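# Observations on chain architecture
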Amino acid sequence: MTYTQIISNGLWKNNQAFVALLGLCPLLAVSNTVINGLALGLATTLTLALSNSSISFVRHTIQPEIRLPLFVLIIAGIVTIIELFMHAYFYELYKTLGIFIPLIVTNCAIIGRAEVFASKNRVLPSLVDGLAMGLGFSLALLLLGGMREILSSGSLLSQAELLFGDVASQWKIILLNDYSGMLLAALPAGSFIGLGLLIALKNSLENYFR
Amino acid sequence: MFAFRPLLTALRLAIFSIIIIGLVSFVFIQTEHKIQENEHQALLQSLQSLLATELYDNELSESSIQLGDITFFRAYKANKPSAVIIKSTTHQGYSGDIQLLTALDSNGTLIAVRILNHQETPGLGDKIELKKSNWLLNFTHKTVEDMQHSAWAVKRDQGHFDQFTGATITPRAVVNEIKKVGLFFHNNKTQIFPNLK
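Calculation rules
Every chain is numbered on its own, with residues counted from 1 as its sequence reads. Just so you know, chain letters begin at A and ligand numbers begin at 1, following the order they were written in. The predicted nature of this model means local features are confined to residues of pLDDT at least 70 and side-chain atom pairs, given and counted, to a pLDDT of 80 or more, with totals for whole chains, interfaces and linings taken over all residues. Secondary structure is summarised from DSSP: a helix means a run of H or I of at least four residues, a strand means a run of E of at least two, and numbering begins at the N terminus for each. In this setup the radius of gyration rests on C-alpha atoms only. A globule is expected at 2.2 Å times the number of residues raised to 0.38. The contact rule is simple: place each C-beta atom from the backbone, and if two of them lie within 7 Å, those residues are in contact. Counting other C-beta atoms within 10 Å of a residue's C-beta gives its exposure: the residue is buried at 20 or more, exposed at 12 or fewer, and partly exposed in between, where C-beta atoms are placed from the backbone. Think of pLDDT as the predictor's per-residue confidence, scored from 0 to 100. Between N-to-C directions, angles cover 0 to 180 degrees, with each direction set by a line fitted to C-alpha atoms, over the stretch in contact for helices. Orientation is classified from the angle alone, with under 35 degrees giving roughly parallel, over 145 giving roughly antiparallel, 65 to 115 giving roughly perpendicular, and any other angle giving oblique. A clockwise turn of the near helix away from the far one marks a right-handed crossing, whereas an anticlockwise turn of less than a right angle marks a left-handed crossing. Under the grouping applied here, Gly and all other residues not named as nonpolar or charged are polar, the nonpolar ones being Ala, Val, Leu, Ile, Met, Phe, Trp, Tyr, Cys and Pro and the charged ones Asp, Glu, Lys and Arg. At least two DSSP bridges between two strands are needed for those strands to be called paired.

Take the overall build of chain B next. Assigned secondary structure in chain B consists of 4 helices and 5 strands. Traced from its N-terminal end to its C-terminal end, chain B shows the element sequence α-β-β-β-β-β-α-α-α. Against the compact-globule benchmark of 16 Å for 197 residues, chain B has a radius of gyration of 22 Å, which places it well outside the compact range. Contacts in chain B between residues at least 24 apart in sequence constitute 47% of all its contacts with a sequence separation of at least 6.

Looking now at the overall build of chain A. Each helix and strand counted, chain A has 11 helices and 2 strands in total. If you list the helices and strands of chain A from N to C, you get α-α-α-α-α-α-α-α-β-α-β-α-α. Rg of the C-alpha trace for chain A: 18 Å, near the compact-globule value of 17 Å for 210 residues, within the 12% margin. Projecting the C-alpha coordinates of chain A onto the three principal axes gives extents of approximately 60 × 50 × 30 Å. A total of 210 residues make up chain A; the buried ones form 40% of that total. Look at the contacts in chain A between residues 6 or more apart in sequence, and 78% of them connect residues 24 or more apart.

Let's shift gears to the confidence of the model for chain B. Detailed reading of the predicted coordinates is not advisable wherever pLDDT is low. This prediction gives chain B a mean pLDDT of 87; 97% of its residues lie at or above 70. Across the whole predicted complex the pTM is 0.73, and at the interface the ipTM reaches 0.76.

Residue and element names in this part refer to chain A. Viewed as axis vectors pointing N to C, helix α3 (residues 34-57) and helix α8 (residues 123-153) meet at an angle of 165°, and their least axial separation amounts to 8 Å. Taken together, α3 and α8 sit at an angle that is classed as roughly antiparallel. You can see that α3 and α8 cross each other, and the crossing is right-handed. For the contact of α3 with α8, a count of residues per class yields 16 nonpolar, 15 polar and 2 charged.

What follows covers the sheet that holds strand β5 (residues 110-117) of chain B. All names here are of chain B. Spatially, β1-β2-β3-β4-β5 is the arrangement adopted by the 5 strands of the open sheet, whose pairing is antiparallel. Across the chains shown, the open sheet's two edge strands, defined by having one partner strand only, are β1 (64-67) and β5. With direction set aside, neighbouring strand axes in the sheet form an average angle of 20°. When β1 meets strand β2 (residues 70-77), the two strands line up antiparallel, connected through 4 bridges. Of the residues in β2, the one forming a bridge with L67 is I70.

Between chain B and chain A, the contact holds 21 residues from the first and 24 residues from the second. Grouping the amino acids of the side of chain B that touches chain A by side-chain chemistry returns 10 nonpolar, 8 polar and 3 charged.

Residues and elements named next belong to chain B. One non-glycine residue, H141, lies in the positive phi region at around 70°. You can see H141 is positioned in the loop between β5 and α2 (144-148). Its identity is not glycine, yet Q158 carries a phi of approximately 60°, on the positive side. Among the structural elements, Q158 can be located in the loop between α2 and α3 (169-187).

Structure, rendered in structure tokens:
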């Protein structure tokens with residue numbers, strides 16, 4: 001598989017959220033605003049890149065019978081290490097993202113990529129696959145987060161300062177003045193409906209251009 | 001015949017586990033000190049942000065007293081008790097514990113409340129943070145009498161504090177906890193400030 005194919009698979013053709021429908025637990029839980037979605041997306045991308053490359057690195061020593069516990073072990077270890085590092089060196093960011101980091105372990109897209117790709121390919125393609133899949137997942141989080149934020153509070157990019165620092169405190173865009181809000185979009189049910197609509201949109205786009 | 005292969009597989013799994021536990025422990029030991037320092041710094045900062053500097057002249061983090069699982073940071077001005085910051089934890093949150101700081105003056109009137117740590121739902125329950133909404137400011141200047149009144153509850157429970165759209169449990173936990181520690185301070189004042197008349 002060429003790198004172009006790997007990247008287009010990750011971003012579009014085999015998008016983990018829209019096509020594989022993996023990682024729905026963190027996706028649906030943390031997509032209520034653009035900033036939350038982006039933050040989880042970046043953390044997931046980092047985890048995917050690291051777990052894919054380390055699993056690919058040790059792939060010859062892994063026996064098939066113990067591969068799943070080993071993947072879980074490696075992924076949980078990586079997530080814990082990322083969490084500790086953030087807690088120690090990026091304390092402000094940790095206070096914002098801290099609650100999302102453990103959620104990454106529940107993302108079955110990560111173990112999915114380990115099983116399907118990293119355990120069968122060399123380190124560099126695995127790293128690229130991890131990055132592409134992670135960015136594709138981030139894209140889904142951004143779209144769903146944006147859609148839900150507009151519907152539930154009529155604004156975009158609220159609380160951007162939590163992720164980008166004080167320069168971003170004015171980034172919030174109010175799209176609808178005096179908007180009373182649509183609770184459904186903020187609740188988990190709205191998350192499911194929103195994801196369904198996005199998948200429908202993606203499929204109809206593909207049909208249209210075919 | 002005795003099967004060796006499963007044993008070897010298990011051994012391999014064990015070796016991997018030991019390596020990964022070793023890595024995580026190594027990172028933990030390397031970062032432990034820095035993490036504690038960060039936590040301490042954050043605690044100091046939030047203690048100082050709760051009380052105006054003219055209210056006290058002692059070192060807040062060194063004047064604490066522990067009663068049960070509640071920590072009291074005592075503020076003195078010219079050796080007279082002026083205020084107290086109460087660090088407590090409620091288990092009534094929607095997901096996990098909520099740790100909060102409640103500042104009261106020596107009469108038990110609320111000065112300010114801050115949330116130290118929580119794991120409430122982002123976008124719903126996390127409006128208890130001052131960063132995300134002004135809800136916490138509702139408590140400023142409330143007195144012991146207010147806390148004893150039956151209206152010290154969220155609106156859903158016939159009280160006068162707003163709950164959030166989609167989240168009642170979180171604000172209810174905070175409202176109840178403030179009442180609990182506020183009245184606890186009121187009833188145990190002589191123990192916390194032994195020289196207070």
